[in-house]
Amino acid sequence: MIALPASAGFTPPSPADFWQPLIGDGAFAVTRPMVVMVLTTAAICLVLVLATKKLSLVPSRGQWALEGVYGLVRNSVGRDIIGAARVRPYIGFLFAIFTLVLVNNLMGITPVVQYPTFSRIGFPIVLAIAVWLVYIAAHVRHNGVGGTLKHLVPPGLPFAAVPVVFVLELLTFLVIRPLTLALRLFGNMFAGHMLLLLFALGGEYMLLHGGFPLNVVALPTFLIYFFLTAFEILISFLQAYVFVLLTSLYIAEVYAGDH
Amino acid sequence: MTPVLAAEEGFWATAYPVLPHPGELLIGTICFAVLLFVAYRTVVPRLETMLAQRQAAIQGGMEKAEKAQAEAEAALEEYRAQLADARAEAARIREEARSEGAKIIAEMRDRASSEAERITESAGRQVEAERLAAVTSLRTELGGLATQLAGRIVGEALTDSARQSRIVERFLTELEQSSPEDVRASATTVEPTTSAAPAGPSSGGAHRVP
């Protein structure tokens, strides 16, 4: 692939393609994902507020769809993992994360927009830090600092193993969890979009500039592109789901010692 | 400024993709905060209120259904009790009717037998009366005939009406004092007496009295 551009004049997609400043430049330039993020947030807020304006006990089609998403986060993830008695304060948090991630991920394959916002590490980091703050605050509030630290070491461990496990668990608790949370989402969206770019641009190049044998290959390339687009829908949903699932698991750990 | 910007453009364009862009961090934070605010302020309370109402409605519906079922069971029980009552009542009425019928039959039989008795009695009485009437008329006729016969035999002496009447009276008194058997006997024997004993009713009656 690295040899390709030199020989055929094809420029493969690179991370630089994700840098798309629209207004200004530098650290505080207004970039394309920022605009996507603002627009999607506004759209989500608008839809949610309008859709919940007239809720009825017997749902309409639109309300039914909204309740489906809400129920997935509230019941299938939140209630089943955190527990019915504890989940209420976290529903809004989980629901906001899920809708924001899902809609922004789907923006990667939405025509015209075609930019998965979370392929820019800044956005997943925001969510990961938020989750990190929430579960640490919940831990400290519920178990106290001592209880939280004690909780890191599972009971019944050989005395010699305690310091090692403690350090590892503390590292996991404070660094690895938010880091993997952010990187997982970022990596999935970044790599997925890179793949789409590669097949779209590569197919286009082969069709238009590749000459006889290559322009025939362009057809399966586009087929793969369509397949990957469909796959990307699945990934979009899956990543949003995994993000709230892990968040719920981290929060559920706060109350794990209760029973 | 310009060269710095140019340098920065170069930096962000070629920067590691894992290096967060400060502007995007900021916008991401703001957007997430706004969404959180909307979710906690409006969306979740509305949805939770609706879900609570729905659960209440479903529970209310179930309670209502349970109540209705209990009511239906109570009604069924009542109907069963009523049916049992009605059956007992019917049996009682049937029993009553049967005994009543038996009573009526007995009464009718009593009445019929008394009626029969009465009829028999009245028939007997009538027969007796008729017999008495026959005896009386026979006696009168017999008296007349006997007197006539005696008058013929004795002659004109007895034609005097006062005497004749006295003789007949006496004869009849004698007859009345005798028993019915005697009367009957006399009735049957008067004829021969009158014919066989032309001596006179007085002698015939006198010899029969003892």
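Keep in mind the model is a prediction, meaning the values are calculated, not measured.

A. Spatial organisation of the overall build of chain A. When its secondary structure is counted, chain A shows seven helices and two strands. Helices and strands appear in chain A in the N-to-C order α-β-β-α-α-α-α-α-α. Across the 259 residues that make up chain A, the buried fraction comes to 37%. Across chain A, every contact between residues at least 6 apart in sequence was considered, and the portion connecting residues at least 24 apart equals 64%.

B. A look at the overall build of chain B. The helix and strand tally for chain B stands at five helices and zero strands. Expressed as a percentage of its 210 residues, the buried residues of chain B come to 15%. Nonlocal contacts in chain B, meaning residues at least 24 apart in sequence, comprise 64% of its contacts between residues at least 6 apart.

C. A look at the interface of chain B and chain A. Contact residues are listed per partner, giving 35 residues for chain B and 39 residues for chain A. Of all the elements in the fold, those that place two or more residues in the side of chain B that touches chain A are helix 1 (2–14) and helix 2 (22–154) of chain B. Broken down by element, the side of chain B that touches chain A gets its largest block of residues, 24 residues, from helix 2 of chain B. Of the residues assigned to the side of chain B that touches chain A, the class counts are 23 nonpolar, seven polar and five charged.

D. A look at unusual backbone geometry. Its identity as a non-glycine residue notwithstanding, Val112 of chain A has a phi of 75 degrees, on the positive side. Even without a glycine there, the phi angle at Gln114 of chain A is positive, about 45 degrees.

E. Representation of the nonpolar core in the model. Ranked by internal contacts, the top residues of the largest apolar core, which has 60 residues, are Leu94, Phe95, Ile97, Phe98 and Val101 of chain A together with Leu35 of chain B. At the level of secondary structure, the elements contributing two or more residues to this core comprise helix 2 (32–51), helix 3 (61–82), helix 4 (91–106), helix 5 (122–152), helix 6 (162–209) and helix 7 (212–252) of chain A together with helix 2 of chain B. Top element by residues in this core is helix 4 of chain A. It accounts for eleven residues. If sequence neighbours within four positions are ignored, Phe98 of chain A has contacts with Val73, Ala240 and Val244 of chain A.

F. Main features of the environment of Pro116 of chain A. All names here are of chain A. With respect to the helices, strands and loops of the structure, Pro116 is situated in the loop between helix 4 and helix 5. Overall, Pro116 belongs to the buried group, with 30 C-beta atoms counted inside 10 Å. Along the sequence, Pro116 and Asn104 sit twelve residues apart, while their C-alpha atoms lie 5.9 Å from each other. Apart from residues no more than four positions distant in its own chain, Pro116 is found in contact with Asn104, Asn105, Met107, Gly108, Met189 and His193.

G. Region of the structure containing helix 7 of chain A. Residue and element names in this part refer to chain A. Taking 1.5 Å of rise per residue, 41 residues should cover 60 Å, and helix 7 covers 59 Å from first to last C-alpha, within 8% of that figure. Looking at helix 7, one finds that the buried residues are Thr221, Glu232, Ile235, Ser236, Gln239, Ala240, Phe243, Val244, Thr247, Ser248, Tyr250 and Ile251. If you follow the buried residues of helix 7, they end up packed against helix 3, helix 4, helix 5 and helix 6.

H. Structural detail: the confidence of the model for chain B. All names here are of chain B. On average, residues of chain B carry a pLDDT of 79, and 77% of them reach 70 or more. Per-element confidence in chain B ranges from a low mean pLDDT of 45 for helix 5 (residues 201–208) to a high of 90 for helix 2. Residue range residues 1–8 is modelled with pLDDT below 50. Its contacts to residues more than four positions away, or to other chains, number five contacts. Scored below 50 in pLDDT, residues 189–210 shows 26 contacts in the model against residues more than four places distant or in partner chains. For this predicted complex, the interface score ipTM comes out at 0.89, alongside a pTM of 0.67.

Cut-offs and rules
Residues numbered from 1 in each chain as written. Chains lettered and ligands numbered in written order. Predicted model: local features only at pLDDT ≥ 70, side-chain atom pairs only at ≥ 80, totals over all residues. Helix = DSSP H or I, 4+ residues; strand = E, 2+ residues; numbered from the N terminus. Buried ≥ 20, exposed ≤ 12 C-beta atoms within 10 Å, placed from the backbone. Contact = placed C-beta atoms within 7 Å. Nonpolar A, V, L, I, M, F, W, Y, C, P; charged D, E, K, R; others polar. Core = buried A, V, L, I, M, F, W, Y, C linked by C-beta atoms within 7 Å. Expected span 1.5 Å × (residues − 1). pLDDT = per-residue confidence, 0-100.

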